[in-house]
Amino acid sequence: MSHRESSHTVVVTGSDQVTARDPNARCDTCGVQGTIALFEHDKPPRQVERYCDNCWPARRDALEAAGIYGGWEVLSWRFVEEFVEIVEEGIADNRARGKNTPEQEAALPAQLHQMATEILQGATEYDGPMPSRVAHFIERHRSATA
Ligand SMILES: [Zn+2]
């Protein structure tokens, strides 16, 4: 499967000063000003794509479907909230089906603690106030000991 490069794709040369959330950058899909997501292709040359809150989910799905890999960063509470939801539902689902091994169960508190810590560390970089679901997640897991 081939991937046609977007004409808006930014080819970054050397600078690492690119962040997902940039009120001045334009979305690669719709052109709106203000991005929250960044996707950096794995393969050279270094290419960085940026998207707004609305366009990122579709782009993420398209990249996944096309098997295009890279690193991504999303600085939007909406997606943190979605992530927390997926994690919590995944855990509940695995428990309900008895799919977790004792080792996996034992490793969970530390993993959740790590996630909570990472979200908290990046909190000031996200847009707007922290959603309550995310706040509860952090509250529940930040004190867990590894
Ligand atoms: Zn957009």
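Up top you'll find the structure we're talking about.
Residues numbered from 1 in each chain as written. Predicted model: local features only at pLDDT ≥ 70, side-chain atom pairs only at ≥ 80, totals over all residues.

**Q** Quick rundown of the pairing of strand β4 (residues 37-41)? Include the residues and the values.
**A** Note on strand geometry: in a regular strand, side chains alternate between the two faces of the sheet. Examined bridge by bridge, β4 and strand β5 (residues 47-51) share four bridges and lie antiparallel to one another. Residue pairing across strands places L38 opposite R50, the latter belonging to β5. In this structure, the hairpin formed by β4 and β5 is closed by a connection of five residues. In the sheet, β4 pairs with strand β6 (residues 70-74) via five bridges, with the strands oriented antiparallel. Each bridged residue has a counterpart across the sheet, and for A37 the counterpart in β6 is V74. (Pairing = 2+ DSSP bridges. Helix = DSSP H or I, 4+ residues; strand = E, 2+ residues; numbered from the N terminus.)

**Q** Lay out unusual backbone geometry in plain terms, naming residues and giving numbers.
**A** Peptide bonds are trans in most cases, and residues, glycine excluded, mostly fall at negative phi. The peptide bond linking P44 to P45 adopts the cis configuration, its omega dihedral lying at 0°. Following the sequence through the fold, P45 ends up in the loop between β4 and β5.

**Q** Please give an account of the environment of V87 that cites residues and values.
**A** Tracing the chain through its elements places V87 in helix α2 (residues 77-96). Under the C-beta neighbour-count criterion, V87 is labelled partly exposed, with 15 such atoms within 10 Å. The spacing of V87 and L112 is 25 residues in sequence and 9.0 Å in space, taken between C-alpha atoms. (Buried ≥ 20, exposed ≤ 12 C-beta atoms within 10 Å, placed from the backbone.)

**Q** Account for helix α3 (residues 102-122), naming residues and giving values.
**A** A rise of 1.5 Å per residue sets the reference length of α3, with its 21 residues, at 30 Å; its end C-alpha atoms lie 31 Å apart and thus fit the reference within 8%. Of all the residues in α3, the buried ones are L112, A116 and I119. Packing partners of the buried residues in α3 comprise α2 and α4 (132-141). (Expected span 1.5 Å × (residues − 1). Contact = placed C-beta atoms within 7 Å.)

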